[in-house]
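Geometric and topological summary
Below are the chains, spelled out letter by letter.
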Amino acid sequence: PTVVVAIDTSLSMSERELAEIARQLRPMSELAQLVIVECDAAIARVYAFRGALTSVKGRGGTDLRPVFE
């Protein structure tokens, strides 16, 4: 199965929080293909999860509506 994971990459998300998200996703990635959608007020990147969230794009305000559009 494939699971789309939207991640808030706005400036309010700390590097520590993003690292914790990646840690939580690792076990899930053994059961399904995870597709990461980085979004602050717009979708910045879409890619397959490879075990870490490094140098995320965005870092502006928060509006996750584009993910659902």
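Everything here concerns the structure above.
Basis of the calculations
Residues numbered from 1 in each chain as written. Predicted model: local features only at pLDDT ≥ 70, side-chain atom pairs only at ≥ 80, totals over all residues. Heavy atoms only, no water. Helix = DSSP H or I, 4+ residues; strand = E, 2+ residues; numbered from the N terminus. Rg over C-alpha atoms; globule rule 2.2 N^0.38 Å. Contact = heavy atoms within 4.5 Å. Buried < 20%, exposed > 50% of the residue type's maximum accessible area, 1.4 Å probe, protein only. Pairing = 2+ DSSP bridges. Axes fitted to C-alpha atoms, helices over the stretch in contact; angles between N-to-C directions. Polar contact = N/O pair within 3.5 Å; in protein donor to acceptor, adjacent residues only side chain to side chain. Expected span 1.5 Å × (residues − 1). Arc of directions from axis to C-beta.

Points about the overall build of the protein chain
- Helix and strand counts for the protein chain come out as two helices and three strands.
- In the protein chain, the succession of α and β elements from N to C terminus is β-α-β-β-α.
- Here the protein chain has a C-alpha radius of gyration of 11 Å; the compact-globule value for 69 residues is 11 Å, and the two agree.
- Here the C-alpha coordinates of the protein chain stretch approximately 30 × 30 × 15 Å along the principal axes.
- In the protein chain, once contacts between residues fewer than 6 apart in sequence are set aside, the share between residues at least 24 apart is 58%.

Section: the side chain of Thr9
- Counting through the fold element by element, Thr9 comes out in the loop between strand E1 (2–8) and helix H1 (15–29).
- Judged by relative accessible area, which is 0%, Thr9 ranks as buried.
- Excluding residues that lie within four positions of it along the chain, Thr9 makes contacts with Glu38, Cys39, Asp40, Val56, Lys57, Gly58, Arg59 and Gly60.

Re the sheet that holds strand E3 (residues 43–48)
- One open sheet holds the three strands; their spatial order is E1-E2-E3, and the pairing between them is mixed. Edge positions in the open sheet fall to E1 and E3, since each of these has one partner strand only. Neighbour-to-neighbour, the strand axes of this sheet turn through a mean angle of 20°, independent of strand direction.
- When E1 meets strand E2 (residues 33–39), the two strands line up parallel, connected through seven bridges. Within E2, the position partnered with Val4 by the bridge is Val35.
- On the sheet, H1 packs against E1 and E2 and is oriented at approximately 175° with respect to E1.

A closer look at the side chain of Glu38
- Residue position: Glu38 is located in strand E2.
- Of the polar contacts made by the side chain of Glu38, one reaches the backbone nitrogen of Lys57; its length is 2.8 Å.
- Excluding its chain neighbours within four sequence positions, the residues that come into contact with Glu38 are Ile7, Thr9, Ile43, Ala44, Arg45, Tyr47, Val56 and Lys57.

A look at H1
- Across its 15 residues, H1 extends 20 Å between first and last C-alpha, which sits within 8% of the 21 Å expected from 1.5 Å per residue.
- Buried residues of H1: Leu18, Ala22 and Leu25, and no others. Each buried residue of H1 lies within a common arc of 70° when the element is viewed along its axis, so the set occupies one face.
- In this structure, the buried side of H1 is in contact with E1 and E2.

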